[in-house]
Amino acid sequence: MNVDFSDEEKNGLYKAIFSRRDVRSHFTSKPIDDEILTRILNAAHHAPSVGFSQPWNFILIKDYETRKKIKESFEIERKCSSQFVEEPQKSRYLSFKLEGILDSPLNVCVTYDPSRFGPFVIGKSSIPETGIYSVCCAVQNLWLAARTEGIGLGWVSILSNVLLKKILELPDHVIPVAYVCLGHVSEFAPRPDLETAKWLPRLELKDVVFYEKWEKKQNSSWNNIHELIKANLDYA
């Protein structure tokens, strides 16, 4: 296998990363081609995982009644979470379009099974959370593969996992990690919705990189990378 990437291939990867969006609106009714969906799922399934445990499952959901129940859970949770912010932010928060559960043609619940391959998984004994981290890697693969196929994906996190487990009849030990909406879209926004709405600012790369120790913003052995990061262009 040729492990080198051409400049064109590299540019394609970075284009997918920087143009990926958390899609809440702009979904169309056009169904996702089965071959495209299979490629996207296969990309997710080839994510890295702790101890090669592959602890994920993907529940594909098209049934309207199932999605309607999950949408009702979203509405309940959104109302509850709005109590954590004061006006006028509360009204702004409630005005945002934050999901496409019924608008998208397909929903997918990505789950974590901590029992996969038995009680001992290489690399998980010291940090058990690496199992869930592995599932998050699968979600990221799913997201980037969907973007390269022109498919929008939105991660809905304002949900009750208790109700989600009940609705989808998950075993007690299986944990829902991500509930995502998938579908063709009329457009991909040039910027994330919440950035455009000025809900929160985009942090610059230089603000989130430390050198050798926590909050160390300068270190002589990192001067060159420090200068390059300061000059970093925001491609997203």
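Right, let's walk through the structure included here. (Residues numbered from 1 in each chain as written. Predicted model: local features only at pLDDT ≥ 70, side-chain atom pairs only at ≥ 80, totals over all residues. Heavy atoms only, no water.)

**Quick look at the pairing of strand 3 (residues 151–156)**
1) Next: Most of strand 3 is tucked away, with five of its six residues classed as buried.
2) Next: Pairing analysis gives six bridges linking strand 3 to strand 4 (residues 175–184), with the strands arranged antiparallel. Looking across to strand 4, one finds that Gly154 is bridged to Cys181. (Buried < 20%, exposed > 50% of the residue type's maximum accessible area, 1.4 Å probe, protein only. Helix = DSSP H or I, 4+ residues; strand = E, 2+ residues; numbered from the N terminus. Pairing = 2+ DSSP bridges.)

**Quick word on the sheet that holds strand 4**
1) Next: Within the open sheet, the four strands sit side by side as 1-2-4-3. Their pairing is antiparallel. One side of each edge strand has no neighbouring strand; the edge strands of this open sheet are strand 1 (56–61) and strand 3. Strand-to-strand, the axes of this sheet are offset by a mean angle of 25°, without reference to chain direction. (Axes fitted to C-alpha atoms, helices over the stretch in contact; angles between N-to-C directions.)

**Brief notes about unusual backbone geometry**
1) Next: Here Glu87 and Pro88 are connected by a cis peptide whose omega angle stands at 5°.
2) Next: With respect to the element layout, Pro88 can be found in the loop between helix 3 (64–81) and helix 4 (89–95).
3) Next: Here the phi dihedral of Glu215 falls at roughly 65°; this positive angle occurs in a residue that is not glycine.
4) Next: Its place among the elements puts Glu215 in the loop between helix 7 (193–196) and helix 8 (223–230).
5) Next: Relative accessible area serves as the criterion here: at 53%, Glu215 is assigned to the exposed category.

**Considering the nonpolar core**
1) Next: Counting residues in each nonpolar core, the largest one holds 25 residues, and the members touching the most others are Ile32, Ile40, Val110, Leu142, Ile151 and Leu182.
2) Next: Looking at this core, the elements with two or more residues in it are helix 2 (34–45), strand 2 (106–112), helix 5 (130–148), strand 3 and strand 4.
3) Next: For this core, the element with the highest residue contribution is helix 5, accounting for seven residues.
4) Next: In this structure, Leu142 is in contact with Ile40, Leu41, Ala44, Val110, Leu153 and Val180, ignoring residues within four places of it in sequence.
5) Next: Within the second largest apolar cluster, 20 residues are counted, among which are Ile61, Tyr93, Ile101 and Leu164. (Core = buried A, V, L, I, M, F, W, Y, C linked by side-chain atoms within 4.5 Å. Contact = heavy atoms within 4.5 Å.)

Don't take any of this as a statement about function, it's just geometry.
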